[in-house]
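Here is how the chains run, residue by residue.
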Amino acid sequence: MGTPIVTISRHIIDMERQFPEATGAFSAILQDIAFAAKLIAREVNMAGLVDILGGTDERNIHGEEVQKLDAWAHDVIFKALDHCGHLACMASEESEEFLPIPDKFRAGKYVLLYDPLDGSSNIEANISIGTIFSIHRKITEGERGTEQDCIQPGRDQVAAGYVVYGSSTMLVYTTGHGVHGFTLDPSIGEFLLSHPDMKIPKPGQRIYSVNEGYYSKWTSGQRAFVDHLKNADGSNPKPFSLRYTGSLVADFHRTLLYGGLFMYPGDSKHAEGKLRLLYEAAPLAFMAEQAGGRASTGEVDIRDVMPVSLHQRIPLYIGSKDCVDLAEEYLKQDVLIEAK
Ligand code: P6P
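Starting from 1, residues in each chain are numbered consecutively following that chain's sequence as written. Per-residue local features are limited, in this predicted model, to residues with pLDDT of at least 70; the limit for side-chain atom pairs, both in listing and counting, is 80 or more; totals at the level of whole chains, interfaces and linings are taken over all residues. The side-chain quantities take in all heavy atoms of the structure and omit both hydrogens and water.

When two rings of Phe, Tyr or Trp (its six-membered ring) have centres within 6.5 Å they constitute a pair, described as stacked for plane angles under 30 degrees, edge-to-face for angles over 60, and tilted for the intermediate range. What the rule picks out here adds up to seven aromatic pairs. With centroids separated by 5.8 Å and ring planes inclined at 85°, the aromatic side chains of Tyr-162 and Phe-252 adopt a geometry described as edge-to-face. Of the two residues, Tyr-162 sits in strand 5 (residues 159–165) while Phe-252 sits in helix 6 (residues 248–258), which places them 90 residues apart along the sequence. Burial here depends on accessible area, computed with a 1.4 Å probe over protein chains only, as a share of the maximum for the residue type. Under 20% is buried, over 50% is exposed, and the range in between is partly exposed. Judged by relative accessible area, which is 0%, Tyr-162 ranks as buried. A ring pair is formed by Tyr-215 and Trp-218, whose centres lie 5.5 Å apart and whose planes are at 55°; its orientation type is tilted. Here a strand is any run of E in DSSP of at least two residues, a helix any run of H or I of at least four, and the numbering for each starts at the N terminus.

Structure (C-alpha cells):
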C-alpha cells in the first residue's frame, strides 16, 4: 500500500491532535472553506459553458440576476461560514466594509479575511485563478468582531491558505506547522493530501515572475535588479527565465513548487503596487516562510508591516529566500537615492 489516503478533514483532525493549541474551531473553519472551494471549483470549471461571467445586469433562465463570478464566490464563502459559530467577523476584497456575523448566528473568536476569486479577469482565457484566505484571532473585547479585529499584522495570523483552480483544484494551507497541499478528486468531492509538508526547493529554479510592461515606471534599483536577473547588464552568467501568468495564486503556486521569485513592485504611478496586504500578501507570506522562503515589501518582511486600513496595497517580493534577499540588496540603492 503506497501513500495513505488522507482527506483534508482527517489531516486537520490529526494536526489538532498533534498541536493542542489548534482547537476544534480550526477544523470547522478550514473544512467550511474547503466546502466553499468545491462549490467555486464547480462553477469556475463550468464558466466557459454557463454565461455566469455576464455583467451584473444580466439575468439567467430563472430570471435571477447573474453575478460576476468573483461577487458570486464572495457570497459563497460568506454564506458557507457566517453560521459556523467560530468567526467574530469577516473581511473580503469584494466588500469595502468589514463583514459582521449576522445577529441570528453565534459569533466566535476567529476572524476570516479573504480574496474570493483573485485573477478572475483571466478566467475567460482559461488561466488558473484562486481564492486566498487569512485567519486571525479576535483581539477586541466585545462578543462580535469589529474592523479593528481585521486589521492585524501578518505575524499574528493563526492560519492562511489558498485554493488554485487550474488543471486540477488544489487547496494549500498552513496553521504554522508546515504547508500542506490537497488535490480535489471531483469524482468523490474530496480534497486528498497530495503535497505533504511543501518546501520551496533549495536551490530553486532560476525563475523570476514580474510584469515587465511596467519597466519604464520602476525605480532604478528595481530596473537594475531585473537587468541582473536576466543578464541584460552582463552581470549574471546564469540568467533567470521569466514566467508571468497575471494571476497571483497561479504565479505563487509555481514559485512554491519550483522556487524563484514573484514580484509586484511599487512604481512611479503606484508607490504601493497593486496587491493587497491583508488578504493577499500576508497569507502568502505566512506560507512562503513556512515553506522555507521569504516575503518582503522590498525593504522589510511582509509579516512585520503594521496595517492601517482594510484594503491597503503593498509591494510584494516572495519566494526563495536568496532571491528575496538579493532584491532587498538592489532596492537599497533606491532608499539611498531618496535619502540624498
Ligand atoms: P498586472 C489579478 O488582477 C491580480 O490582482 C493578481 O492576481 C495578479 O498578480 C495581478 O493582478 C496582475 O496585475 O498589473 O500585471 O495585470
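Turning our attention to the pairing of strand 1 (residues 87–92). Most of strand 1 sits out of view: six of its six residues are buried. In this analysis, strands are considered paired if DSSP registers two or more bridges between them. The pairing of strand 1 with strand 3 (residues 110–118) spans five bridges and is parallel. Looking at the pairing, Leu-87 lines up with Tyr-110 of strand 3. Where strand 1 lies against strand 2 (residues 99–100), two bridges are found, and the strand directions are antiparallel.

All right, on to the domain arrangement of the protein then. Accessible area lost when the parts come together is the quantity often used to give the size of an interface. Splitting the protein by domain gives domain 1 (8–195) and domain 2 (207–339). Boundaries between domains were set according to an automatic or database domain assignment. One C-alpha centre belongs to domain 1, the other to domain 2, and the line joining them spans 25 Å. In what follows, a contact means two residues having at least one pair of non-hydrogen atoms within 4.5 Å. Between domain 1 and domain 2, the contact holds 46 residues from the first and 31 residues from the second. For this document, the term salt bridge refers to a Lys or Arg side-chain nitrogen within 4 Å of an Asp or Glu carboxyl oxygen. A salt bridge links Glu-289 to Arg-155, with the shortest nitrogen-to-oxygen separation between them at 3.1 Å. Residues adjacent in sequence count toward polar contacts only when both atoms are side-chain atoms; beyond that, a polar contact is any pair of N or O atoms within 3.5 Å, and within protein one must be able to donate a hydrogen and the other to accept it. The interface formed by domain 1 and domain 2 holds 13 residue pairs in polar contact (both at pLDDT 80 or more) in total. When contributions to the side of domain 1 that touches domain 2 are tallied by element, the ones reaching two or more residues are strand 1, strand 3, strand 4 (129–137), helix 4 (147–150), strand 5 and strand 6 (169–174).

Within this scheme, the nonpolar core is defined by two criteria: the residues are buried Ala, Val, Leu, Ile, Met, Phe, Trp, Tyr or Cys, and they are joined through side-chain atoms within 4.5 Å. Ile-40, Leu-81, Leu-87, Met-90, Leu-112, Ile-135 and Tyr-165 are the most contacted members of the largest nonpolar core, which totals 45 residues. Among all residues touching Ile-40, those that are not within four sequence positions of it are Trp-72, Ala-73, Val-76, Ile-77, Pro-116, Leu-117, Thr-131 and Tyr-165. One finds Ile-132, Leu-248, Ala-291 and Ala-295 within the second-largest nonpolar core, a separate group that totals 29 residues.

Okay, the pairing of strand 8 (residues 190–195) next. Inspection of the sheet shows strand 7 (residues 179–185) paired to strand 8 by five bridges, in the antiparallel sense. Across the sheet, the residue bridging to Leu-184 is Phe-191, located in strand 8. Between strand 7 and strand 8, which pair antiparallel one after the other, the connecting turn spans four residues, and Gly-189 there sits at a positive phi close to 65°.

To continue, consider the packing of helix 1 (residues 8–18) against helix 2 (residues 24–46). For every element, the axis is a line fit to its C-alpha atoms; helices are fit only across the contacting stretch, and the angle between N-to-C directions ranges from 0 to 180 degrees. At a minimum axis distance of 9 Å, the contact between helix 1 and helix 2 shows a crossing angle of 160°. Considering the angle they form, helix 1 stands roughly antiparallel to helix 2. Regarding helix 1 and helix 2, the two cross each other, and that crossing is right-handed. Contacts from Ile-8, Ser-9, Ile-12 and Glu-16 in helix 1 reach Gly-24, Phe-26, Ser-27, Leu-30, Gln-31 and Ala-34 in helix 2. Among the residues forming the contact of helix 1 with helix 2, the class breakdown is five nonpolar, four polar and one charged. Any angle between 65 and 115 degrees counts as roughly perpendicular, while under 35 counts as roughly parallel, over 145 as roughly antiparallel, and the rest as oblique. Two helices that cross are described as forming a left-handed crossing if the nearer one is turned anticlockwise from the farther one by less than a right angle, and a right-handed crossing if clockwise. Under the convention adopted here, Pro, Cys and the residues Ala, Val, Leu, Ile, Met, Phe, Trp and Tyr are nonpolar, Asp, Glu, Lys and Arg are charged, and Gly plus all remaining residues are polar.

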